[in-house]
Amino acid sequence: MNKKFDRIAGTVFLLIGLFFLTESQKLMGSAYGSQVGPEAFPAGLGILLIILVSVYYMKLLNIKTPVPKKKNLNIKDLFLFLFLPLFIFFFWKKLVI
């Protein structure tokens with residue numbers, strides 16, 4: 001997880017949510033006899049996006065960055081995950097018959 005990228009993406013989504021919220025207020029209310037106009041859905045989306053980004057920021061602040069560990073290359077695991085499925089795929093008919 002890259003904290004810098006997450007912060008930038010969160011800021012972009014926060015700005016998009018604010019944009020939806022402010023621009024939805026400019027829509028004309030043309031629904032006759034209803035309390036809910038055409039601006040309600042975009043405003044709701046903007047509010048929802050702002051809430052989700054704020055929750056994400058709270059989680060992002062609580063995450064501690066782990067120290068990356070160096071892994072050894074295990075040839076047996078490489079064989080099992082790459083070559084065994086290929087072997088079974090190409091020789092399935094010969095194995096079954």
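Because the structure is a prediction, the values reported are computed rather than measured. (Residues numbered from 1 in each chain as written. Predicted model: local features only at pLDDT ≥ 70, side-chain atom pairs only at ≥ 80, totals over all residues. Heavy atoms only, no water.)

Q: When you look at the overall build of the protein chain in this model, what are you seeing that I'm missing?
A: Looking only at helices and strands, the protein chain features 4 helices and 0 strands. Going from the N terminus to the C terminus, the protein chain shows its helices and strands as α-α-α-α. The buried share of the protein chain, reckoned over its 97 residues, is 10%. A separation threshold of at least 6 residues defines the contact pool for the protein chain, and within that pool the share at least 24 residues apart is 62%. (Helix = DSSP H or I, 4+ residues; strand = E, 2+ residues; numbered from the N terminus. Buried < 20%, exposed > 50% of the residue type's maximum accessible area, 1.4 Å probe, protein only. Contact = heavy atoms within 4.5 Å.)

Q: Help me out: how do you make sense of helix α1 (residues 3–24) in this one?
A: Helix length check: α1 (22 residues) gives 31 Å between terminal C-alpha atoms against 32 Å at 1.5 Å per residue, within 8%. Within α1, burial applies to Asp-6, Gly-10, Gly-17 and Ser-24. Buried residues of α1 fall within an arc of 65 degrees about the axis and therefore sit on the same side. Exposed positions of α1 whose direction lies more than 90 degrees from the buried face are Lys-4, Phe-5 and Leu-15. Close packing links the buried residues of α1 with α2 (40–62). (Expected span 1.5 Å × (residues − 1). Arc of directions from axis to C-beta.)

Q: Teacher, can you tell me more about the packing of α1 against α2 here?
A: The packing of two helices is summarised by the inter-axis angle and the distance between the axes. Where α1 contacts α2, the axes come no closer than 8 Å and their chain directions differ by 155 degrees. It follows that α1 is roughly antiparallel to α2 by the angle criterion. Considering the relative orientation of α1 and α2, their crossing is left-handed. (Axes fitted to C-alpha atoms, helices over the stretch in contact; angles between N-to-C directions. Parallel < 35°, antiparallel > 145°, perpendicular 65-115°, else oblique. Left-handed = near helix turned anticlockwise from the far one by under 90°.)

Q: Whenever I open this one, the environment of Gly-44 confuses me. Can you help?
A: Within the element layout of this structure, Gly-44 appears in helix α2. A relative accessible area of 36% means that Gly-44 is categorised as partly exposed. Residues Gly-44 and Leu-21, spaced 23 residues apart in sequence, show a C-alpha to C-alpha distance of 7.7 Å.

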